[in-house]
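# Structural overview
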Amino acid sequence: MFAASWCCSVGVTWTVELRPVGGIAPAGPVVEWISSGVPTELPVPEAGTADVLAERNLLLFRDEDQGGAAPRTRSRWLVGYATRHPEVLKLARMLADLVDDEVSHPMVLAAQWIEAGYAAGDAASWVSAGFTWPDMAHTLLGAELDFPPRSAWCRTG
């Protein structure tokens, strides 16, 4: 998963920068620049962000409320998060209204659940029941508690 930021300081066209994500904020160096082909003399082509990313098989989760964690300067600002995994995007959209952005971003949380082996629907059921980390679900599923198996939990949660 990557943080996607528009940038006009790299060359003569508006560029989307991709940085790996650590926690809620971008972490580490830029791993890829994607030129939009739009000259920097023109306004940033924000409406075309998803299309620019799609050319590289990336899906965009637009970050409407960028909060304090998002770096923003005159030449660079976070527009959202990008992934190549459709299940991560699907789950992030499901979680958008369920999670507190200050604790964990929906894309970060979605990536953790999908990486742990949960399908989007299963993970959304766990999160809506108050379990924010996949390790919590693994612990409960492995414990001798009166919880239904994972597949039944999804149907009843």
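Residues numbered from 1 in each chain as written. Predicted model: local features only at pLDDT ≥ 70, side-chain atom pairs only at ≥ 80, totals over all residues. Heavy atoms only, no water.

### Some remarks on the layout of surface pockets
Taken as a whole, the largest pocket spans an internal volume of roughly 160 Å³. The wall of the largest pocket is formed by 10 residues, among which Met1, Val108, Ala111, Gln112 and Glu115 lie closest to the centre. Of all the elements, helix H3 (residues 106-115) adds the most residues to the lining of the largest pocket, at five residues. (1 Å grid on protein atoms, 1.4 Å probe; cavity = no way out; pocket = protein on both sides within 12 Å on 5 of 7 lines; lining within 4 Å. Points joined across faces, edges and corners; volume = space filled by probe spheres on them. Helix = DSSP H or I, 4+ residues; strand = E, 2+ residues; numbered from the N terminus.)

### Remarks on the nonpolar core
Nonpolar side chains tend toward joint burial in soluble globular proteins. Counting 23 residues, the largest nonpolar core has Leu91, Leu95, Met107 and Trp113 as its most contacted members. For this core, the secondary-structure elements that each account for two or more residues are strand E6 (76-83), helix H2 (86-95), H3 and helix H4 (120-128). Discounting chain neighbours no more than four positions away, the residues touching Leu95 are Pro106, Leu109, Ala110, Ala124 and Val127. Within the second largest apolar cluster, 15 residues are counted, among which are Leu18, Leu53, Leu58 and Leu60. (Core = buried A, V, L, I, M, F, W, Y, C linked by side-chain atoms within 4.5 Å. Buried < 20%, exposed > 50% of the residue type's maximum accessible area, 1.4 Å probe, protein only. Contact = heavy atoms within 4.5 Å.)

### A short note on the packing of H2 against H4
Each pair of packed helices gets described by two things: the angle between the helix axes and the distance between those axes. One way to put it is that H2 packs onto H4 with a least axis distance of 9 Å and a crossing angle of 30°. With respect to H4, the element H2 is oriented roughly parallel. Helix-helix and strand crossings are classified by hand; for H2 and H4 the assignment is right-handed. In this structure, H2 uses Glu87, Lys90, Leu91, Met94 and Leu95 to contact H4, whose residues at the interface are Ala120, Gly121, Ala123, Ala124 and Val127. A breakdown of the residues in the contact of H2 with H4 according to their chemical character gives seven nonpolar, one polar and two charged. (Axes fitted to C-alpha atoms, helices over the stretch in contact; angles between N-to-C directions. Parallel < 35°, antiparallel > 145°, perpendicular 65-115°, else oblique. Left-handed = near helix turned anticlockwise from the far one by under 90°. Nonpolar A, V, L, I, M, F, W, Y, C, P; charged D, E, K, R; others polar.)

### Quick notes on the pairing of strand E1 (residues 2-7)
With six of six residues buried, E1 lies mostly within the body of the structure. What you see with E1 is no split at all: Phe2, Ala4 and Trp6 on one side and Ala3, Ser5 and Cys7 on the other are buried throughout. Examined bridge by bridge, E1 and E6 share six bridges and lie antiparallel to one another. If you follow Phe2 over to E6, its bridge partner there is Ala82. (Pairing = 2+ DSSP bridges.)

### Re the packing of H3 against H4
It is at 10 Å that the axes of H3 and H4 come closest, and there the two elements cross at 120°. In terms of orientation, H3 and H4 fall into the oblique class. Seen from above, H3 lies across H4 with right-handed handedness. Along its contact with H3, which presents Leu109, Trp113 and Ile114, the element H4 presents Ala120, Ala123, Trp126 and Val127. Tallied by class, the residues present in the contact of H3 with H4 amount to seven nonpolar, no polar and no charged.

### Description of H2
Among the residues of H2, those classed as buried are Val88, Leu89, Leu91, Ala92 and Leu95. With its buried residues spanning 165° around the axis, H2 presents them on a single face. Seen from the buried face of H2, the exposed residues on the opposite side, beyond 90 degrees, are Pro86 and Arg93. Those residues of H2 that are buried lie in contact with strand E5 (59-62), E6, H3 and H4. (Arc of directions from axis to C-beta.)

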